[in-house]
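These are the residues of each chain, in order.
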Amino acid sequence: MGEEGGPAGAPGRRRRGGLSTRLLAFNLLLVFIPAAGLLYLGTYEKQLLEAQERSMVQEGRVLAAALSEPGALAGEEAPRVLARLNRRLESRIRVVDAHGKILADTSRLGPRREKPAEEGREAKGRERILYRVGAIFYSLSHRLLPPAEPPLEMREPSPPDGQLRGREVEAALSGRYGRTVRPSPAGQRSVTLSIAIPIAGEGAAPAGAVVVTSSTWRILQDLYAIRLGIFQVCLASVALAGVLSLLVSKTIARPLQELRDEAAAILDRRGRLQGSFRRSQRKDEIGELSRALHDLTARLEGYQRFLESFAAEISHEFRNPLASIRIAAEMAEDAEKEEDRRRFLEIAQREVQRMERLLSELREMTRVDARLESEEQGALSLNALLERVCEGYRLRGSRVVFSFEPPAETITVQASGERMAQVFENLLDNAASFSPDGSAVRVRLDREEGAACVRIADQGPGIPDEHLPRIFERFFSWRPGHPEADPHTGLGLAIVRTIVEGYGGTVAAATNPEGGATFTVRMPASRTGVFAKLAPRA
Amino acid sequence: MRVVKSVHPETVAVVDDEPAIRETVTFALKREGYRVRAFGDGREAWESLQQELPGLAILDIVLPRMDGLELCRKLRARSEALPIIFLSSRDEELDRVLGLELGADDYLCKPFSMRELVARVKVLFRRAALLRSGPSAEPEKLLKAGPLELDLDRYTARWNGALVSLTVTEFLLLQSLARHPGHVKTRRQLMEDAYPHDAFVSERTIDSHIKRLRRKLVETEPSFSGIETVHGLGYRYEGG
């Protein structure tokens, strides 16, 4: 019972927008994760560094090869070559002899060709802000996963004595390829990559080495540009994802919220249904849900109305016999003549019987309503059943003649024999109670359009048109002529309808043109003959 | 109660589709000396009664072919003075009928007491006879409470001299309340006063009648608020 009113409303309100938020988060993650991956992964940086190293090695090798002629290092050959190369190189190239003494250095050969000014790009405020926003993520990821930095060589690579030392130089002078990474003097995040290539000498020992030095600053500059680009795309995607999420949430979350509000409005404070869901015209799943809810609440509403009217009807139906009993008892008490007293007691008895009957039929009816589905049912031959029911009336010696006209074939339905017997007994009782003495009640069984069709025709007064729509209603009763005979409750035909409709059938009544009434029961018939053998019943 | 036999030349029409009720009511009224015409069907009753109007009509509300409300309207159209008693078997029905300005003279809920019904029939016949003879009440038959004046013989109430048209039940309730202004009357006490012969009236019935009684008094005197609900107890008459 905790589902009603206030308590259920509060958590619902707290969850408001939960679906929208989740949709947004999901969409943002979808956009952001791959972009962030590109931003954070060092792969690209590494590749760029390798490419730079390769090109430096290439330069070094060419120079080393050019200087490997015997005596090339002794003269002014090295500075000349470097002077020629200077304007075409982006790296600093130094040539050392076998002892590490600098023979030539591109940085001492006058101004180098300048790289395009980066400051102009850096200075753009918008990009700076963007980059800073991106840098928050970037530095965060670096703090969490520090990139594997190459070991740093801290020694100053250009000593004043003109003697170049360093691991790469030592390696090259001993005939191997040397390579070192040092932090840039500028103190930025960029580093200086320095490689050394031995220059072949006459003997086994190299005659000297070519040292190529380049800062990764340029690479970082390029990477910055790429990252900035990716980040811009990423931001645009995030904005787009936000807009899309809003749209999606409008088409999903909003209608769901509306459904919830509607549901809250449908229950009043006491938890009773007030109206039902609107039938949405939407063609999507939410439309289907709303239509399903509409049908559900419509059914529930119908059932609620039924329960309420049922309670009122029952109290009404019991008050009439109760009133009769009460006044009959009073009258018996006040009666002076013995015969009057007996007469009133008889009335009281009769009305008590009527109440009993009413109670048992009510119980029957609610039982049929509740249990029809779960009751045992099998293939039931209507031929045999109707024969048996009519025979029963004949044996009991009815004042009406019952005749059954069976068809040539056996017609079976899926139902409980007991329930169907109840259906036909109620219909035959009803027919008999309206029939004049000695008249006939004819029962016919046919197959019509795949349905088993039972017609029960009497020779009574027929049913006035104004009553036709109501005769299967509970407690509806119309008994012209002989009201005292045969107490009735107005539930017999209602029970018939409940059972037949419970089995997916229909029951209808009509007045015959030649007089009398005909009740027609149609039930889905079981397949017979060839088809029955081919397709066993499900 | 010992039934006193007296001869009334008056005719009572009883219309109810319950044979047992028809039979017993007919018997009881005949024993009181009334002529009784009983019908089980509204249309049949109307066809017969319009030929010769009865002195009083007892109508069930739910009737086949023509319901009691329709029959009442038709009878009223023929005679303003004809006393009509409604029998009802549903509380909701009573509320609905009370809401309609049908001009019925009384309502009884099933299961009613036959003694109560017979007493009402007598009261209504007497009221009809006295009203025909004109207003000449003896002073001791008058109950005065401020602007309210109750004629205990004719079952009529006047507010500052203006006639308030009440059913017998409403009159009995008002009389019970107005006899001791300022005193709380419980529903049980009101029931005993309004239905002296019937011990099985539901409290809801009293509430329905009180509601209706208040409305009628307000219609006569728009500022009327003399009948006060005392929650959990009953009602109190505060006077003008």
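Thresholds, definitions, all that
Residues numbered from 1 in each chain as written. Chains lettered and ligands numbered in written order. Predicted model: local features only at pLDDT ≥ 70, side-chain atom pairs only at ≥ 80, totals over all residues. Helix = DSSP H or I, 4+ residues; strand = E, 2+ residues; numbered from the N terminus. Buried ≥ 20, exposed ≤ 12 C-beta atoms within 10 Å, placed from the backbone. Contact = placed C-beta atoms within 7 Å. Pairing = 2+ DSSP bridges. Axes fitted to C-alpha atoms, helices over the stretch in contact; angles between N-to-C directions. Core = buried A, V, L, I, M, F, W, Y, C linked by C-beta atoms within 7 Å. Expected span 1.5 Å × (residues − 1). pLDDT = per-residue confidence, 0-100. Nonpolar A, V, L, I, M, F, W, Y, C, P; charged D, E, K, R; others polar. Parallel < 35°, antiparallel > 145°, perpendicular 65-115°, else oblique. Left-handed = near helix turned anticlockwise from the far one by under 90°.

Next up on the list: the overall build of chain A. Tallying secondary structure elements over chain A gives 15 helices and 12 strands in all. Across the 538 residues that make up chain A, the buried fraction comes to 25%. A sequence separation of at least 24 residues applies to 66% of the contacts in chain A between residues at least 6 apart.

What follows is about the overall build of chain B. Of the regular secondary structure elements, chain B holds eight helices and 12 strands. With 240 residues in all, chain B has 43% of them scored as buried. Residue pairs at least 24 apart in sequence account for 59% of intrachain contacts in chain B once pairs closer than 6 positions are excluded.

Residues and elements named next belong to chain B. A cis geometry characterises the amide bond from K110 onward to P111, with omega recorded as -5 degrees. With respect to the helices and strands, the residue P111 is situated in the loop between β5 (106–109) and α5 (114–133). The backbone phi angle of Y155 is positive, close to 55 degrees, even though this residue is not glycine. Relative to the helices and strands, Y155 is located in the loop between β7 (148–151) and β8 (156–159). Here Y155 falls in the buried class, since 22 other C-beta atoms lie within 10 Å of it. Despite not being glycine, N160 shows a phi value in the positive range, around 50 degrees. Here N160 shows up in the loop between β8 and β9 (162–164).

Residues and elements named next belong to chain B. Reading across from one edge, β2-β1-β3-β4-β5 is the order of the five strands in this open sheet, with parallel pairing throughout. Each edge of the open sheet carries a strand with a single partner, namely β2 (35–39) and β5. The average angle at which neighbouring strand axes cross in this sheet is 15 degrees, direction not considered. Two elements, strand β3 (residues 56–60) and strand β4 (residues 84–88), share four bridges in a ladder whose sense is parallel. Bridge pairing in β4 places A57 opposite I84. Relative to the sheet, helix α1 (residues 19–31) contacts β1 (11–15), β2 and β3, its axis offset from that of β2 by approximately 170 degrees.

Residue and element names in this part refer to chain A. With six bridges joining them, strand β11 (residues 506–511) and strand β12 (residues 517–524) adopt antiparallel strand pairing. If you follow T511 over to β12, its bridge partner there is A517. As consecutive antiparallel partners, β11 and β12 are separated by five residues, and within that stretch G515 has a phi angle of approximately 100 degrees, a positive value.

A general tendency of soluble globular proteins is for nonpolar side chains to be buried together. I58(B), L59(B), I84(B) and L174(B) are the most contacted members of the largest nonpolar core, which totals 70 residues. If one sorts the elements of this core by residue count, helix α6 (residues 168–178) of chain B sits on top with seven residues. In contact with L174(B), other than residues within four places in its own chain, are L150(B), A157(B), L166(B) and L213(B). Judged by nonpolar contacts, the second largest core, of 40 residues, contains F402(A), I411(A), A415(A) and V423(A).

Before going further, it helps to spend a moment on the environment of A263(A). Its location among the elements puts A263(A) in helix α9 (residues 253–266). With 34 residues separating them in the primary sequence, A263(A) and T297(A) have C-alpha atoms 9.5 Å apart.

For the rest of this paragraph, the subject is helix α13 (residues 417–434) of chain A. With 18 residues, α13(A) should reach 26 Å at 1.5 Å per residue; the first-to-last C-alpha distance of 26 Å fits that figure. Inspection of α13(A) places R419(A), M420(A), V423(A), F424(A), N426(A), L427(A), L428(A), N430(A), A431(A) and F434(A) among the buried residues, and these make up the whole buried set.

Time to look at the confidence of the model for chain A. Parts of the prediction with low pLDDT should not have their coordinates interpreted in detail. A residue-level look at chain A finds 79% of positions with pLDDT of 70 or above and a mean pLDDT of 76. Segment residues 529–538 of chain A is flagged for pLDDT under 50; beyond a separation of four residues in sequence, or across chains, it makes three contacts in the model.

With that settled, consider the interface of chain A and chain B. Interfaces are often sized by the amount of accessible area the parts lose when they come together. On the side of chain B, 20 residues touch chain A, which itself brings 21 residues to the contact. Contributions of two or more residues to the side of chain A that touches chain B are made by α10 (285–334) and α11 (338–371) of chain A. Each residue belonging to the side of chain A that touches chain B can be placed in one class, and the counts come to 10 nonpolar, four polar and seven charged.

Take the packing of α11(A) against α1(B) next. The N-to-C vectors of α11(A) and α1(B) enclose an angle of 160 degrees; their axes lie 11 Å apart at closest approach. Of the possible angle classes, the one that applies to α11(A) and α1(B) is roughly antiparallel. Judged by the sense of rotation from one axis to the other, the crossing of α11(A) with α1(B) is left-handed. Along the contact surface, α11(A) presents F344(A), I347(A), R350(A) and E351(A), while α1(B) presents A20(B), E23(B) and T24(B). In terms of residue class, the contact of α11(A) with α1(B) is made up of three nonpolar, one polar and three charged.

Next up on the list: the packing of α10(A) against α11(A). All names here are of chain A. One way to put it is that α10 packs onto α11 with a least axis distance of 8 Å and a crossing angle of 160 degrees. As far as their axial angle goes, α11 and α10 are roughly antiparallel. The crossing of α10 and α11 is left-handed. Together, I314, E317, F318, P321, S324, I325, A328, A329, M331 and A332 of α10 and R341, F344, L345, I347, A348, E351, V352, R354, M355, L358 and L362 of α11 make up the contact between the two elements. Within the contact of α10 with α11, the residues separate by chemical class into 16 nonpolar, one polar and four charged.

Moving on, we get to the environment of V507(A). All names here are of chain A. Residue placement: V507 occurs in strand β11. Here V507 falls in the buried class, since 20 other C-beta atoms lie within 10 Å of it. Every residue in contact with V507, bar those within four places of it in the chain, is listed here: F472, V496, R497, V500, F519, T520 and V521.

Taking 1.5 Å as the rise per residue, helix α8 (residues 203–220) of chain B with 18 residues should run 26 Å; its terminal C-alpha atoms sit 26 Å apart, in good agreement. Every buried residue of α8(B) is listed here: T205(B), I206(B), S208(B), H209(B), I210(B), R212(B), L213(B) and L217(B).

Residues and elements named next belong to chain B. Pairing within the open sheet is antiparallel, and its three strands lie in the order β10-β12-β11. Both edges of this open sheet fall to β10 (184–186) and β11 (227–230), since each of them pairs with a single strand only. Pairs of neighbouring strands in the sheet enclose a mean axial angle of 30 degrees, with direction left out of account. Each of β10, β11 and β12 (234–237) is contacted by α6, which is oriented at about 70 degrees to β12, the strand it contacts most. Docked against the sheet, helix α7 (residues 187–194) engages β10 and β12, running at close to 75 degrees with respect to β10.

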